[in-house]
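Structural overview for review
The lines below spell out each chain.
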Amino acid sequence: MYVELTTLQVALAASLILINGAVSLALQLRIERPLLISAVRMVVQLTLVGMVLEWVFRVDRWYLVIGLAAVMTTIAGFTAVQRIRRRYAGMWINTLVSIWVTSWVVAAFALMVVVQGEGREHWYQPQYSIPLLGMILGNSLNGITLGLNAFTESLADRRDEVEAALALGATRWEAARGPVQNAVRTGMIPIVNTMAVAGLVSLPGMMTGQLLSGVNPIEAVKYQIVIMFLLGSVTAMGTVGVVLLSFRRLFSVDHEFLYHRLTRLH
C-alpha cells in the first residue's frame, strides 16, 4: 500500500545531510557551501519538476509531452559537455545530435514496441514516456560525458603515438582506434557494473519505487529488467555516436590529426 509522505517526514530525511556537513567541517573539506547549494537546488528543481509533471499528466496532450521531452534532451546535451576538460569546435553540436538521436530512438522503441498493454491509452502517455525518457537521458548523458572526456584526453596523452602512426602510413582510423576503444569502454563501464550487481548489491531506483508503491515484486522485476536493457543499449549507442562524431572532427579525410582543434580548459 502506498504511503504518502508528509512535509515533516521529508524534512526528517533532509536532516541527514547534516552528517555530510559535519564530515566536511571535521576534515576541513570546505564543501559545506557547495553541499548546501546543491541540496537547495535539488529540492527546488524537483519541486518545480513535480509541479510541471502534475500539470502535464493532467492535461495529457502530445505536444506538451514532446515539448517537455525536447527541453529535457537539450539540457542533457549541454550538461554532458560541461565536465569535459578538452574541447573542440562543434563539440556541443556532436553531443546534442548523439544524445538526441540515440535517446529518442530507444525511448520510441520502448514506448511503441515494448511497453504496450491495456493500461496504455496512447503512445505519448506522460506517465510512461516522461519517466522512461528521463532515465534513458540520464544514462546516455553519463556515457557520453565519460566517453568523450576519455577520447579527448587519450588523444592528447598519446599525441606522439598517433602522429607517428600517421607518419608511417597508417590511416586515421588505424591511428585513432586505440583511443576510440578506450573511450567507448570507459563510457560503458558504469552501466556494465550496474547491470552486474543489480539485485545482488542494489535494487535499482525504478524497481524500488514500484515496490514502495505496492506493485507485485515479480512485475517490478520485469519492468526493471526492461529498463536495464534500454539503458545499456542507449549508453552504448550514445557513447559510440559521440566518439565517432568527434573522430571525424579531429581527423581530416587526408589522415591528419588536427590536434590544434583541441583546447584545454583551465
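Only a predicted model underlies this, so the values are computations on that prediction, with no experimental measurement involved.

The subject of this paragraph is the packing of helix α5 (residues 91-114) against helix α10 (residues 217-250). Contact pair α5 / α10: the axes reach a minimum separation of 9 Å and the direction vectors enclose 155°. The orientation of α5 with respect to α10, classified from their angle, is roughly antiparallel. The two elements α5 and α10 meet at a crossing, and its hand is right-handed. Judged by residue contacts, Ile93, Asn94, Thr95, Val97, Ser98, Thr102, Ser103, Val106, Phe109, Ala110 and Val114 of α5 engage Val226, Leu230, Ser233, Val234, Met237, Gly238, Gly241, Val242, Leu245, Ser246 and Arg249 from α10. For the contact of α5 with α10, the per-class residue count stands at 12 nonpolar, 9 polar and 1 charged.

Moving on: the packing of aromatic side chains. Scanning the entire structure with this criterion turns up 7 aromatic pairs. Ring centres of tryptophan 62 and tyrosine 63 lie 5.9 Å apart, and the angle between their planes is 80°; this geometry places the pair in the edge-to-face category. Among the aromatic residues, those joined into a ring-pair cluster are Trp173, Phe247, Phe251, Phe257 and Tyr259.

Our next topic: unusual backbone geometry. A positive phi is found at glutamine 28, a non-glycine position, where the angle reads about 55°. With respect to the element layout, glutamine 28 can be found in the loop between α2 (17-26) and α3 (32-59).

The end-to-end C-alpha distance of α5, which contains 24 residues, comes to 33 Å, matching closely the 34 Å that a straight helix rising 1.5 Å per residue would cover. Considered for burial, the residues of α5 that qualify are Met91, Asn94, Thr95, Ser98, Ile99, Thr102, Ser103, Val106, Ala107, Ala110 and Leu111.

Turning next to the environment of valine 184. Position of valine 184 among the secondary structure elements: in helix α8 (residues 172-197). The buried category is assigned to valine 184, whose relative accessible area is 17%. Placed 44 residues apart in sequence, valine 184 and methionine 228 show a C-alpha to C-alpha distance of 18 Å. Not counting chain neighbours up to four residues away, the residues in contact with valine 184 comprise Thr239 and Val240.

Assignment of secondary structure puts asparagine 149 in helix α6 (residues 126-157). What asparagine 149 contacts, discounting residues up to four positions off in sequence, is Arg83, Ile84 and Arg85.

On to the environment of leucine 18, then. On the secondary structure map, leucine 18 appears in helix α2. Spatially, the C-alpha atoms of leucine 18 and histidine 260 are 47 Å apart, while their sequence positions differ by 242 residues.

Inspection of the entire model under this criterion finds 6 salt bridges. The partner of arginine 85 in a salt bridge is glutamate 153, and the shortest N-O contact between them spans 3.6 Å. Of this pair, arginine 85 sits in the loop between α4 (62-82) and β1 (86-87) while glutamate 153 sits in helix α6, and the two are 68 residues apart along the sequence. The partly exposed category is assigned to arginine 85, whose relative accessible area is 42%. Note that arginine 264 and glutamate 153 form a salt bridge whose closest N and O atoms lie 3.6 Å from each other. Within this pair, whereas arginine 264 is found in strand β2 (residues 263-264), its partner glutamate 153 is found in helix α6, the two being separated by 111 residues in sequence.

Calculation rules
Residues numbered from 1 in each chain as written. Predicted model: local features only at pLDDT ≥ 70, side-chain atom pairs only at ≥ 80, totals over all residues. Heavy atoms only, no water. Axes fitted to C-alpha atoms, helices over the stretch in contact; angles between N-to-C directions. Helix = DSSP H or I, 4+ residues; strand = E, 2+ residues; numbered from the N terminus. Parallel < 35°, antiparallel > 145°, perpendicular 65-115°, else oblique. Left-handed = near helix turned anticlockwise from the far one by under 90°. Contact = heavy atoms within 4.5 Å. Nonpolar A, V, L, I, M, F, W, Y, C, P; charged D, E, K, R; others polar. Phe/Tyr/Trp six-rings, centres within 6.5 Å; stacked < 30°, edge-to-face > 60°. Expected span 1.5 Å × (residues − 1). Buried < 20%, exposed > 50% of the residue type's maximum accessible area, 1.4 Å probe, protein only. Salt bridge = Lys/Arg side-chain N within 4 Å of Asp/Glu carboxyl O.

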